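Chain by chain, the residues run as shown.
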Amino acid sequence: MTDKKLPAQLHRDTLAVRAGVERSQYGENSEALYLTSSFVQPDAETARKRFAMEEDGYTYTRVSNPTVTGMEQRLAALEGTEAAIATSSGMAAVLLLGMGLLRAGDHVVCSQSVFGSTLRLFATEFAKFGVTTTFVSQTDVAQWQAALQPNTRLLFAETPTNPLTDICDISALASVAHAGGALLAVDNCFCTPALQRPIEYGADFVIHSGTKYLDGQGRVVAGAICCSQKYVNDVFWPINRTVGMVLSPFNAWVVTKGMETLSLRMKAQCDSALDLANWLQDQPQVARVYYPGLASHPQHALAMRQQSGLGGAVVSFDVRAPDATQARSNAFHVIDSTQVCSITTNLGDTKTTIAHPATTSHGRLTEDQRQAAGIGQGLIRMAVGLDHIDDLKADLLRGLQTLSALK
């Protein structure tokens, strides 16, 4: 059947439920799920043309699949990019980015506060192939500028960072990158296009872990790069079809459906996160709260401009302690005392999660790397879900109020 063409300039909420829908002959209203590894060709000559890429058409799901294509089109529409390419995970998206853009002898400038696995990928794995990386302060544009070298190919940042919620000035970093002949990639999985669109601030690539808020219910693992059609067609797709970091159709379908409620979930979760952050600031057992929605956050004004006036749904805080050993003990006590929150490192779920970054998401880093990133033993990260805010406060009080009994 022939679908009606969507009009231009639709709002993001409409794109979230309408973009990327290509109905079959049956006219289904919900997106179809094509669980097939291969596609039957009408004749040998058509098969030849499609495998030679002389004619459009699906051949093999490692190359392309209608369900995955729909998810890519929807995400690109939300991010405001020409195209997107889906991957098997968020880290696979970062790997694909590096494989497509970097060669031996290239240099990368990266925030020292990125996700632990991202830091390790640039510092250790890419280094095996002759790519060097300089890690700089997330928030100091002068450090990014000073780190540029004649062979700098890529600047990589995530904003807000995990777990300290530092904000980078995307526009400023884009200017630094482009003036130096480099490209800028921004990991947008914390904010999603519901809050910010890095491409509008000059970023060349937007990275996603669809595992987080795009799915929104902790069901599947997924990733993506959003960028120009030319980069997808000429750089990333040829690599992905060869090495097989592709997203499964089922996972693509789940993420596609998750995006339909993205804006509603993000708004509700951001509201609860701000409430919780304000409450945590008043707790005597809490030394510091990290949340961009608070006026006390160092980049609060920038966050409000860049993130549609919302602080995101991740709140981190340090528990009070006289030393690192006691800090870890106190943090573990607070985490273990919860009865509602899920003790898991995933975020973006409708269920609130709580974790100890120093021993989980950033546990593989060296102590020097953790210190540089500001990850202390007393740090607790919460990804606020859709649980009632009063229940979350009561859950934390179970541990916070009994900390004194441990001394």
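Right above here is the structure, for reference.
Residues numbered from 1 in each chain as written. Predicted model: local features only at pLDDT ≥ 70, side-chain atom pairs only at ≥ 80, totals over all residues. Heavy atoms only, no water.

Novice: Can you tell me about the packing of helix α4 (residues 90-101) against helix α9 (residues 229-243), naming the residues and giving the values?
Specialist: Pairs of packed helices are described in terms of their axes, by the angle between the two and the distance that separates them. With their axes 10 Å apart at the nearest point, α4 and α9 run at an angle of 115° to one another. Overall, the two elements α4 and α9 adopt an arrangement that is roughly perpendicular. Where α4 crosses over α9, the two elements pack in a sense that is right-handed. The residues of α9 that touch α4, namely those facing Leu96, Leu97, Met99, Gly100 and Leu101, are Tyr231, Val235, Phe236, Ile239, Asn240 and Val243. For the contact of α4 with α9, the class distribution of residues is nine nonpolar, two polar and no charged. (Axes fitted to C-alpha atoms, helices over the stretch in contact; angles between N-to-C directions. Helix = DSSP H or I, 4+ residues; strand = E, 2+ residues; numbered from the N terminus. Parallel < 35°, antiparallel > 145°, perpendicular 65-115°, else oblique. Left-handed = near helix turned anticlockwise from the far one by under 90°. Contact = heavy atoms within 4.5 Å. Nonpolar A, V, L, I, M, F, W, Y, C, P; charged D, E, K, R; others polar.)

Novice: Any chance you could break down the sheet that holds strand β2 (residues 107-111) for me, citing the residues and the numbers?
Specialist: The seven strands lie next to each other as β1-β7-β6-β5-β4-β2-β3, forming an open sheet whose pairing is mixed. Two strands lie at the open edges of the sheet, namely β1 (83-87) and β3 (132-136), each paired on one side alone. Across this sheet, the average inter-strand angle for adjacent strands is 20°, counted without regard to direction. Two elements, strand β5 (residues 183-187) and strand β6 (residues 205-209), share three bridges in a ladder whose sense is parallel. In the strand pairing of β6, valine 186 is matched with valine 206. Across the sheet, helix α3 (residues 66-79) lies against β1, β6 and β7 (223-227), angled at about 130° from β1, the strand it touches most. (Pairing = 2+ DSSP bridges.)

Novice: With reference to specific residues and values, describe the side chain of threonine 256.
Specialist: With respect to the element layout, threonine 256 can be found in helix α10 (residues 249-259). Excluding residues that lie within four positions of it along the chain, threonine 256 makes contacts with Glu31, Met71 and Arg74.

Novice: Explain the nonpolar core residue by residue, including any values.
Specialist: Membership of the largest hydrophobic core comes to 34 residues, with the highest contact counts inside it found for Met71, Leu75, Tyr213, Val255 and Met259. Those elements giving two or more residues to this core turn out to be α1 (12-18), α3, β1, β7, α10 and α11 (262-281). Looking at this core element by element, the count peaks at five residues for α3. When near neighbours in sequence (up to four residues on either side) are disregarded, methionine 71 contacts Ala86, Leu247, Ala252, Val255, Thr256 and Met259. Formed by 31 residues, the second largest nonpolar core is a distinct cluster that contains Leu101, Val114, Ala185 and Ile207. (Core = buried A, V, L, I, M, F, W, Y, C linked by side-chain atoms within 4.5 Å. Buried < 20%, exposed > 50% of the residue type's maximum accessible area, 1.4 Å probe, protein only.)

Novice: So what about a nonpolar patch on the surface? Which residues, and what values?
Specialist: A grouping of Leu33, Leu35 and Phe250 is seen on the molecular surface, where their side chains present a nonpolar patch of about 280 Å² in accessible area. With respect to the helices and strands, the residue leucine 35 is situated in the loop between α1 and α2 (44-51). (Patch = residues over 30% accessible without salt bridge, like charges linked within 9 Å, V, L, I, M, F, W, Y side chains within 5 Å. Areas by Shrake-Rupley, 256 points an atom, 1.4 Å probe, with all protein chains shown as cover. Salt bridge = Lys/Arg side-chain N within 4 Å of Asp/Glu carboxyl O.)

Novice: Outline the pairing of strand β9 (residues 314-319), listing residues and values.
Specialist: Most of β9 sits out of view: six of its six residues are buried. The two faces of β9 match: Val314, Ser316 and Asp318 on one face and Val315, Phe317 and Val319 on the other face are all buried. Examined bridge by bridge, strand β8 (residues 286-290) and β9 share four bridges and lie antiparallel to one another. By the bridge assignment, valine 289 is partnered in β9 with phenylalanine 317. The pairing of β9 with strand β12 (residues 379-383) spans five bridges and is classified as antiparallel. Pairing of phenylalanine 317 across the sheet is with isoleucine 380, part of β12.

Novice: Give a detailed account of the environment of isoleucine 335, specifying residues and quantitative values.
Specialist: With respect to the secondary-structure elements, isoleucine 335 resides in helix α13 (residues 324-337). Along the sequence, isoleucine 335 and leucine 400 sit 65 residues apart, while their C-alpha atoms lie 9.5 Å from each other. Those residues in contact with isoleucine 335, other than ones at most four positions away along the chain, are Ile343, Ile354, Ala355, His356 and Ile380.

Novice: Please set out empty space enclosed by the protein residue by residue, giving values where relevant.
Specialist: Using the criterion set out here, one finds two cavities of 30 Å³ or more in the structure. Looking at the largest cavity, the residues that line it are Arg12, Ala16, Leu78, Pro193, Ala194, Leu262 and Ser263. Within the residue set of the lining of the largest cavity, elements represented by two or more residues are α1, α8 (192-195) and α11. Considered class by class, the residues forming the lining of the largest cavity number five nonpolar, one polar and one charged. When its volume is computed, the second largest cavity comes out at roughly 40 Å³. Forming the walls of the second largest cavity are Pro160, Thr165, Phe190, Pro292, Gly311, Gly312, Ala313 and Val314. Of the residues belonging to the lining of the second largest cavity, the class tally is five nonpolar, three polar and no charged. (1 Å grid on protein atoms, 1.4 Å probe; cavity = no way out; pocket = protein on both sides within 12 Å on 5 of 7 lines; lining within 4 Å. Points joined across faces, edges and corners; volume = space filled by probe spheres on them.)

No statement about biological role is implied by the geometric values presented.
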